Amino acid sequence: LAEGLSVRGEEGSAWTALEDVLASPDAAVSPGSMKRVIERLVQQGRAEAALEAIDRALTQSLDDSGRAQWLALRGFVLEKGFEDQGGAEQAWREAAALDPEQLEARLGIATALAKRDASDATETICLLSDHEIARASVEQKVIFAGTLLRNHRADRALAVARMIVV
């Protein structure tokens, strides 16, 4: 429900629906279904509300995969809404520890390492498959390509650059 409302641009209604669902003790809200709502809230400058919703969802009893998905979303909100790279990277690392296949967390970690020009940034990016990098945002692909090029991986940088579709 909340995702459908968000897609149509009715963010106030989407947020209300999200609050109602999260307030119910029996609610099982999937992070996948709420991702667009969370992203829209951040775009609107309502990162605190998005973070509050995520933190409430994290108090529910979740399996490792569900918790990892919410933590990856938390990383997104911390990075984009609060410009807190350290907090975002910590959330992504927690997510990856719970579910090593959590793609958003792995992309987030690679992005954070590349942004701070960490020594293991290139290796981390190279561990991502072409399919995984193809799912990254345009911003992430540009960051990855630049990092790879600076670290003498022109072949891989070119492959990533070719995946950028604006």
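The text that follows walks through the structure, step by step, so that each part is easy to find.

What counts and what doesn't
Numbering of residues starts from 1 in each chain and follows the order in which that chain's sequence is written. In keeping with the model being predicted, local features are shown solely for residues with a pLDDT of at least 70 and side-chain atom pairs are shown and tallied solely at 80 or more, while totals for entire chains, interfaces and linings include all residues. To obtain the side-chain values, all non-hydrogen atoms of the structure were included, while hydrogens and water were left out. A run of H or I in DSSP becomes a helix once it reaches four residues, and a run of E becomes a strand once it reaches two; helices and strands are each numbered from the N terminus. Relative accessibility under 20% of the residue-type maximum defines a buried residue, over 50% an exposed one, and the middle range a partly exposed one, all with a 1.4 Å probe and only protein chains included. Where accessible areas are quoted, they stem from the Shrake-Rupley method and a 1.4 Å probe; at the residue level, only the protein chains shown are allowed to cover. Contact criterion: two residues are considered in contact whenever any of their non-hydrogen atoms come within 4.5 Å of each other. By this rule, a helix spans an expected 1.5 Å times one less than how many residues it contains. For helices, the axis comes from a line fit to the C-alpha atoms of the stretch in contact; other axes are also lines fit to C-alpha atoms, and the angle between any two N-to-C directions lies between 0 and 180 degrees. Under this scheme an angle from 65 to 115 degrees is roughly perpendicular, one under 35 degrees roughly parallel, and one over 145 degrees roughly antiparallel; angles in between are oblique. Rotating anticlockwise by less than a right angle from the far helix to the near helix defines a left-handed crossing, while the corresponding clockwise rotation defines a right-handed one. Note on residue categories: nonpolar means Ala, Val, Leu, Ile, Met, Phe, Trp, Tyr, Cys or Pro, charged means Asp, Glu, Lys or Arg, and polar means any other residue, Gly included. A pairing counts as a salt bridge when a side-chain nitrogen of Lys or Arg comes within 4 Å of a carboxyl oxygen of Asp or Glu.

### Describing the overall build of the chain
When helices and strands are tallied, the chain shows eleven helices and zero strands. Helices (α) and strands (β) of the chain occur, in sequence order from the N terminus, as α-α-α-α-α-α-α-α-α-α-α. Of all 166 residues assigned to the chain, the portion counted as buried reaches 46%. Summed over its atoms, the accessible surface of the chain is roughly 8,600 Å², and 50% of this surface lies on carbon and sulfur atoms.

### What about the side chain of glutamine 140?
Along the chain, the position of glutamine 140 falls in helix α10 (residues 138-150). Taking relative accessible area as the criterion, glutamine 140 reaches 15% and is therefore assigned buried. Sequence-distant contacts of glutamine 140, that is, excluding residues within four places in its chain, are made with Leu107, Gly108 and Thr111.

### Describing helix α7 (residues 103-115)
Compared with an ideal rise of 1.5 Å per residue, which puts 13 residues at 18 Å, α7 spans 18 Å between its outermost C-alpha atoms and is within 8% of the ideal. A large share of α7 lies buried, amounting to eleven of its 13 residues. Every buried residue of α7 is accounted for by Leu103, Ala105, Arg106, Leu107, Gly108, Ile109, Ala110, Thr111, Ala112, Leu113 and Ala114. The secondary structure elements touched by the buried residues of α7 are α5 (64-82), α6 (85-98), α8 (121-126), α9 (130-134) and α10. Looking at the residues trailing α7, positive phi occurs at aspartate 117, about 55 degrees.

### A closer look at the packing of helix α4 (residues 47-58) against α5
Direction vectors running N to C along α4 and α5 enclose 165 degrees, while the axes themselves pass 10 Å from each other. Of the possible angle classes, the one that applies to α4 and α5 is roughly antiparallel. Of the two elements, α4 crosses α5, and the hand of that crossing is left-handed. Each of Ala47, Glu48, Ala50, Leu51, Ile54, Asp55, Ala57 and Leu58 in α4 lies in contact with α5, whose residues at this interface are Arg67, Trp70, Leu71, Leu73, Arg74, Val77, Leu78, Gly81 and Phe82. Across the contact of α4 with α5, the residue classes tally to twelve nonpolar, one polar and four charged.

### Some words on the packing of α10 against helix α11 (residues 154-162)
Contact geometry of α10 with α11 gives a least axis separation of 8 Å together with a crossing angle of 165 degrees. The angle between α10 and α11 places the two elements in the roughly antiparallel class. Of the two possible hands of crossing, α10 and α11 adopt the one that is left-handed. For the pair formed by α10 and α11, the contact residues are Lys141, Phe144, Ala145, Leu148 and Leu149 on the first element and Ala154, Arg156, Ala157, Val160 and Ala161 on the second. Classifying every residue of the contact of α10 with α11 gives eight nonpolar, no polar and two charged.

### Here's the deal with the pattern of salt bridges
Side chains that differ in sign of charge can pair as their charged atoms come close. Counted under the stated rule, the structure contains twelve salt bridges. Between glutamate 52 and arginine 56 there is a salt bridge; the shortest N-O distance is 3.1 Å. Of this pair, glutamate 52 and arginine 56 both sit in helix α4, four residues apart, roughly one helical turn. Using a relative accessible area of 25% as the deciding quantity, one classes arginine 56 as partly exposed.

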